[in-house]
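So the chains spell out like this:
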Amino acid sequence: MSLVLLDPELQDASAGEGGWMVVIYNNDHTDMQEVMHILMRATQCDEEEAYLEMWEAHTFGKAPVHFASKDVCDSAAAIIATIGVKAEVLKEWND
């Protein structure tokens, strides 16, 4: 297992707060291991959760990967996008 660098901006983020989510989309060019590593870095999840989210995006075309405030989700999506994975920030619920 390789070293995962944690983003200091996200270390104090509480999952589930804020009503926003990050959704990632499958593509045909990003390595699955690379997706897992960026998910761990961007969302502070463990390897098992990163695998499940990567698998869901690969299998179903998209997957929600993080739930937090809009600012935290925007930061996570920006980190994920650095490897060429489309990451979108959406409202968790349609009010």
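A short tour of the structure in this document, coming up. (Residues numbered from 1 in each chain as written. Predicted model: local features only at pLDDT ≥ 70, side-chain atom pairs only at ≥ 80, totals over all residues. Heavy atoms only, no water.)

1. Observations regarding the packing of aromatic side chains
(1) Moving on: For the structure on display, the rule yields one aromatic pair.
(2) Moving on: The interplanar angle of 85° and the centroid separation of 5.8 Å between the aromatic rings of Trp-55 and Phe-60 together place this pair among those described as edge-to-face.
(3) Moving on: For Trp-55, a relative accessible area of 40% puts it in the partly exposed group.
(4) Moving on: Given the relative accessible area of 60%, Phe-60 is considered exposed.
(5) Moving on: Seen from the ring of Trp-20, Lys-70 lies directly overhead, with NZ or CZ sitting 5.3 Å from the centre.
(6) Moving on: Between Lys-86 and the ring centre of Tyr-25, over which it is positioned, the NZ or CZ distance is 4.6 Å. (Phe/Tyr/Trp six-rings, centres within 6.5 Å; stacked < 30°, edge-to-face > 60°. Buried < 20%, exposed > 50% of the residue type's maximum accessible area, 1.4 Å probe, protein only. Lys NZ or Arg CZ within 6 Å of the ring centre and 35° of its normal.)

2. Topic: a negative patch on the surface
(1) Moving on: Judged by side-chain charge, Asp-46, Glu-47, Glu-48 and Glu-49 come together as a negatively charged surface patch.
(2) Moving on: Structurally, Asp-46 is set in the loop between helix H1 (32-43) and helix H2 (47-60). (Patch = residues over 30% accessible without salt bridge, like charges linked within 9 Å, V, L, I, M, F, W, Y side chains within 5 Å. Areas by Shrake-Rupley, 256 points an atom, 1.4 Å probe, with all protein chains shown as cover. Salt bridge = Lys/Arg side-chain N within 4 Å of Asp/Glu carboxyl O. Lys, Arg positive; Asp, Glu negative; His and termini not counted. Charge placed at Lys NZ, Arg CZ, Asp CG, Glu CD. Helix = DSSP H or I, 4+ residues; strand = E, 2+ residues; numbered from the N terminus.)

3. Some remarks on the packing of H1 against H2
(1) Moving on: Viewed as axis vectors pointing N to C, H1 and H2 meet at an angle of 125°, and their least axial separation amounts to 9 Å. As the angle between them shows, H1 and H2 are arranged oblique. Where H1 crosses over H2, the handedness of that crossing is right-handed. Residue-level contacts link Met-32, Val-35, Met-36, Leu-39 and Met-40 of H1 to Glu-47, Ala-50, Tyr-51, Glu-53, Met-54 and His-58 of H2.
(2) Moving on: Tallied by class, residues from the contact of H1 with H2 come to eight nonpolar, one polar and two charged. (Axes fitted to C-alpha atoms, helices over the stretch in contact; angles between N-to-C directions. Parallel < 35°, antiparallel > 145°, perpendicular 65-115°, else oblique. Left-handed = near helix turned anticlockwise from the far one by under 90°. Contact = heavy atoms within 4.5 Å. Nonpolar A, V, L, I, M, F, W, Y, C, P; charged D, E, K, R; others polar.)

4. Looking at a nonpolar patch on the surface
(1) Moving on: Together, Tyr-51, Leu-52, Trp-55 and Phe-60 make up an exposed nonpolar region whose accessible area comes to about 460 Å².
(2) Moving on: Its location among the elements puts Trp-55 in helix H2.

5. Focus: H2
(1) Moving on: Across its 14 residues, H2 extends 20 Å between first and last C-alpha, which sits within 8% of the 20 Å expected from 1.5 Å per residue.
(2) Moving on: Every buried residue belonging to H2 is among Ala-50, Glu-53, Met-54 and Ala-57, and all of these are buried. The buried residues of H2 occupy an angular sector of 100° when projected down its axis, which confines them to one face. What points out from H2, more than 90 degrees from its buried face, is the exposed set Glu-48 and Phe-60.
(3) Moving on: Buried residues belonging to H2 abut strand S1 (20-25), H1 and strand S2 (62-68). (Expected span 1.5 Å × (residues − 1). Arc of directions from axis to C-beta.)

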